[in-house]
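# Coordinate inspection notes
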Amino acid sequence: MFGFFNQKKSASVAKDRLTIAIMSDRDRTNGYPFMDEMKAEIMEVVQKYIGVKGVEIRKEVDGDMEALAIDVELDKNA
Amino acid sequence: MGIVIAVISGKGGVGKTTATANLGLGIAMNNKKCVVVDFDIGQRNLDMILGLENRVVYDMVQVMDGEANLKQALIKSKANENLHFLAASQTKDKSVLESQKVEKLVAELKENFDFVILDAPAGIESGYEHTIEFADAAIVIVNPEVSSIRDADRAIGILDSKSAKVKAGDDVAKYLIINRIVADMVESGEMLKSDDILEILNIKLLGKVPEDKGVIDASNQGKPVVLDKKSIAGQAYSRISDRLCGQKVDMKDIEVSDSGLFKRITGIFK
């Protein structure tokens, strides 16, 4: 129990934590083999127009829908 | 031709060997010829749970290596003549398992038994891959607890990538047993509900087994708890075994404690 104004029950905390942990575990094991190559190419393209520090690609699964989330971090000094 | 079922888990200590012993005996009690094989080489334990540790002469590694034949190595259970047991090697380690040898052993067992149950090493250990490779189906054992569930997901992932059936474009059937459920804790929201676990792992439920002190008492004596008609875990294993033998047995709601049930019933009259 966590204090008087008992917030979330621990089982639902467990469910939330597990859902996220397992999703990222699956991503790591089911990641695409071409991910690094793709990152480099995206970086190259964006680099033509604006300075880039790094590219992060994640596979996101929501029910039956799968998506690639691509984050491009810009280089402020460039 | 029998069916080959691997009993698997992510981490150790969730009750995999206990489940193997009880399902094997429960199936045998359904008048099916069943063999349980301990694949946990170097950590032999199934013999103790079955009360057969003094009868082991030859182990499965010796059978695979041709040092003994299957007949010599099979041990008949004292509890039920339909149940046979093949011991793990205690002296070797899991690296002795080779695909071809495992395939041959499993094929020979399949010819002679209706059910071939393989007690796998934990999913994170070596030897696990070889145990699941030639299985027609897998039973995943978890506890309602985060580390067990997370590791089970990894074990299922390996199953899906290494199974010979999957490689041949087929499906390997997967079912879940949730072991050591404490009804009071589920009710008070301190333990994960089985529905949540099924949703997280995306797998079909085979059965739920409640926490029961009788399980340790049974393993002390080498008499699997399924023999104890009064034990709630024994009853659960009996229901699961009946299901595996094709009987239609309703899922019992063991996530409601007696007091919770009482509240529910009295609630009707309010």
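The sections below set out a description of the structure shown in this document. (Residues numbered from 1 in each chain as written. Chains lettered and ligands numbered in written order. Predicted model: local features only at pLDDT ≥ 70, side-chain atom pairs only at ≥ 80, totals over all residues.)

## Things to note about the overall build of chain B
Per the secondary structure count, chain B includes 13 helices and 8 strands. Here the C-alpha atoms of chain B give a radius of gyration of 18 Å, agreeing with the 18 Å that 2.2 N^0.38 yields for 270 residues. In terms of principal-axis extent, the alpha carbons of chain B reach across some 70 × 40 × 30 Å. In chain B, which comprises 270 residues, the share counted as buried stands at 49%. Contacts in chain B between residues at least 24 apart in sequence constitute 76% of all its contacts with a sequence separation of at least 6. (Helix = DSSP H or I, 4+ residues; strand = E, 2+ residues; numbered from the N terminus. Rg over C-alpha atoms; globule rule 2.2 N^0.38 Å. Buried ≥ 20, exposed ≤ 12 C-beta atoms within 10 Å, placed from the backbone. Contact = placed C-beta atoms within 7 Å.)

## Let's talk about the interface of chain B and chain A
Contact residues are listed per partner, giving 13 residues for chain B and 14 residues for chain A. In terms of residues, the side of chain B that touches chain A owes the most to one element, helix α7 (residues 146-162) of chain B, which gives 6 residues. Here the residues of the side of chain B that touches chain A sort into 5 nonpolar, 2 polar and 6 charged. (Nonpolar A, V, L, I, M, F, W, Y, C, P; charged D, E, K, R; others polar.)

## Here we look at the pairing of strand β8 (residues 204-210) of chain B
On any regular strand, side chains alternate: one points to one face of the sheet, the next to the other face. Residues and elements named next belong to chain B. Of all the 7 residues making up β8, 5 are buried; the element is thus mostly covered by neighbouring parts of the structure. Bridging between strand β7 (residues 173-181) and β8 involves 6 bridges; their strand directions are parallel. Among the inter-strand pairings, tyrosine 175 is bridged to a residue of β8, identified as lysine 204. (Pairing = 2+ DSSP bridges.)

Take it as geometry only, folks, not as evidence of what the structure does.
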